[in-house]
Amino acid sequence: MNATPAAPAAQARGPWAVYRRLLRYARPYVGVYLIGVAGMILYSATEAALAYLIQQFTHGTFLQHDRSMLWKIPGGVVVLFLLRGIGDFGSNYFPGWVGRQVIKDLRHELFAHYLRLPTAFLDRQQSGALLSKLTYNTELVAAAATNASVSLIRDSLGVVVLVGYLFYMNWQLALFCIAAAPPIGWLMRVANRSFRRYSARIQNSMADITRVAKEAIDAHRLIKIFNAEAHQGARFDHANEANRRSNMKLVFASALSNPVVQLIASMALAGVLFVSIRQVFAHGLSFDVFLGFLAAAMMVPPHLRRLVNVSGPLQQGIAAGESVFELIDEADEREGGARRIDRARGEIEFRDVSFEYSSEKGAVLSAVSFKVRAGETVAIVGRSGSGKSTLASLVPRFYDVSTGAVLLDGHDVREYRLADLRSQVSLVSQDVVLFNDTIRNNIAFNAVGKTDAEILEAARAANVLEFVANQPQGLDAPLADRGQNLSGGQRQRISIARALLKNSPVLILDEATAALDNESERRVQQELSLLMRGRTTLVIAHRLSTVESADRIIVLDRGRIVETGTHRQLVASGGLYAALHGMQFSV
Ligand SMILES: Nc1ncnc2c1ncn2[C@@H]1O[C@H](COP(=O)(O)OP(=O)(O)OP(=O)(O)O)[C@@H](O)[C@H]1O
Ligand SMILES: [Mg+2]
């Protein structure tokens, strides 16, 4: 078995499959969308009615000298535009509402899926690209689902109604308008294809922009100390320019499609004019019908123009939807079995465990076997890259073993429900992750059912209270930018308080004090000892002073256990541990 999840079942691809899938998100709101469609029908009907009004006006005023036209026509115009306004509003508002709803649902699903993605998959992703999918791509999908679909329906309807009206008035003339359809259809197909290609590029470059910006914001200290502003600026400019260039191709294609459509339409119109003027001379066509026909025929090209224009956003939405669905189809983290556990005793066993991140990189752990009794403290030491952190991350199943098994209380960790397993393990590591929230909420991170008194006790025991005492808001002081305003030791104490409150039977300390100087390490060490009391603890540390007191020490080298024993035994045996220990003293 490999650490990378199996590829998801092959999904039907292609623009139509994606569009059908997008429509599924809109299905719950189809009623609201239909109100919008009613608006579109009303809107299109008023257009044909306008042409009809022009014909009536000409007929009544010039040919019949009907005085009632004085009131009927202006009144008709007002009523017509009132109806048109209502249709216009409905055809934009209701689909717009549906679009925002779809975007929300899609974001919800995508974010919920991010939380369930396997660690091995997330390791390979760029967080900027994931962010841009959540923000930018979903926005494009909504634009396709609303603006584009509205235009698609409304303008198609407009063309159908107007052409229908033209046929009704004079079918021979109307045939000329139909002649323009094939070249325009061909043009739309060509435009669609190029739009889709450019949109994929635009999305990638947008992901690059987000990624570079995110990295620069996260690494602001590093950039300052290396005077790397110009270097980072250049990286950003590169992504920014790539984005502009891809966008310009889209702008070019859509700017070009407009005049071409107009040109084709004008040729059809020229044909109509040629034939109709001949008919007028032959007295086959009355003035009012001619004018009404012309008015309706002139209303068609703007619809066609919008129809061709719509393919940009539509194709962008499809391309964006494709990349969003690709991520949604990525397999979830593998759930465990059905075994439930409330509180484990804390016995851990590695039974002939081998592990590899990927087959190219090869085994990171090979045939690792050892047992930890409940409440015991076992230290894992070894050179950098020997596999210590990897070993620890197999316990809460950040990754699953390739062969062998990790057991908790005698059962394979994969048998437990994942949530139950993870609630048995606390992890305190070198990089403390804090959220933009109050100190209190950072300590009580997802601590359901913990009382204020318990939170306060954890904060006190981890000596968090000591440094919040001089802050007016105490524990409720908000952390600025994920705790950048705290010292390393203070941040570590918050994470210790968090682990104290979680109170799980198994504790993993991965270089918990590595980032601290000797003075604060000594102080944090006291709080760590308190945290370790009564728990099964795996301690990983470079500084061997912190592991000397462990019940047992396991020495890893290139993924294999090379020595085990107490500090004294290992020093006496003169092996790798003794060598590492000797190196420490010589520093
Ligand atoms: N997420 C990952 N994806 C792929 N390979 C990884 C990953 N994490 C670690 N590795 C590789 O696995 C090996 C063991 O790494 P690991 O982090 O377990 O070492 P370590 O003993 O904890 O080292 P250190 O003392 O420096 O923390 C290394 O060769 C490393 O390159
Ligand atoms: Mg490590």
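Refer to the structure above for everything that follows.
Residues numbered from 1 in each chain as written. Chains lettered and ligands numbered in written order. Predicted model: local features only at pLDDT ≥ 70, side-chain atom pairs only at ≥ 80, totals over all residues. Heavy atoms only, no water.

(A) Fine view of the site of ligand 1. Every one of the 15 residues lining ligand 1 counts as a neighbour, but Ser384, Gly385, Lys388, Ser389 and Thr390 are closest to it. Here a nitrogen atom of ligand 1 and a side-chain polar atom of Tyr357 are 3.4 Å apart. At 3.3 Å, a backbone N or O of Ser386 approaches an oxygen atom of ligand 1. Starting from 630 Å² of accessible surface for ligand 1 in isolation, the protein chains cover 66%. Of the residues in the shell around ligand 1, the class split is 3 nonpolar, 7 polar and 5 charged. (Near = heavy atom within 4 Å. Polar contact = N/O pair within 3.5 Å; in protein donor to acceptor, adjacent residues only side chain to side chain. Areas by Shrake-Rupley, 256 points an atom, 1.4 Å probe, with all protein chains shown as cover. Nonpolar A, V, L, I, M, F, W, Y, C, P; charged D, E, K, R; others polar.)

(B) Region of interest: helix α9 (residues 229-281). A rise of 1.5 Å per residue sets the reference length of α9, with its 53 residues, at 78 Å; its end C-alpha atoms lie 76 Å apart and thus fit the reference within 8%. Once α9 finishes, His283 follows within two positions and takes phi at roughly 60°, a positive value. (Helix = DSSP H or I, 4+ residues; strand = E, 2+ residues; numbered from the N terminus. Expected span 1.5 Å × (residues − 1).)

(C) Fine view of the sheet that holds strand β2 (residues 363-372). Read across the open sheet, the 4 strands follow the order β2-β1-β4-β5; overall the sheet is antiparallel. Of all strands in the sheet, those with a lone pairing partner are β2 and β5 (411-412), marking the two edges. (Pairing = 2+ DSSP bridges.)

(D) Examining a nonpolar patch on the surface more closely. Together, Phe57, Phe62, Leu63 and Phe287 line one region of the surface with nonpolar side chains, adding up to about 390 Å² of accessible area. Sorting elements by how many residues they give to the nonpolar patch places helix α2 (residues 30-63) first, with 3 residues. With respect to the helices and strands, Leu63 occurs in helix α2. (Patch = residues over 30% accessible without salt bridge, like charges linked within 9 Å, V, L, I, M, F, W, Y side chains within 5 Å. Salt bridge = Lys/Arg side-chain N within 4 Å of Asp/Glu carboxyl O.)

(E) Fine view of the side chain of Asp400. By secondary structure assignment, the location of Asp400 is in the loop between α11 (388-393) and β4 (403-408). Of the residues examined, Asp400 reaches a relative accessible area of 15% and is grouped as buried. Reaching out from Asp400, the side chain makes a polar contact with the side chain of Arg397 at a distance of 2.8 Å. Not counting residues up to four positions away in its chain, the partners in contact with Asp400 are Arg334, Phe355, Leu394 and Arg414. (Buried < 20%, exposed > 50% of the residue type's maximum accessible area, 1.4 Å probe, protein only. Contact = heavy atoms within 4.5 Å.)

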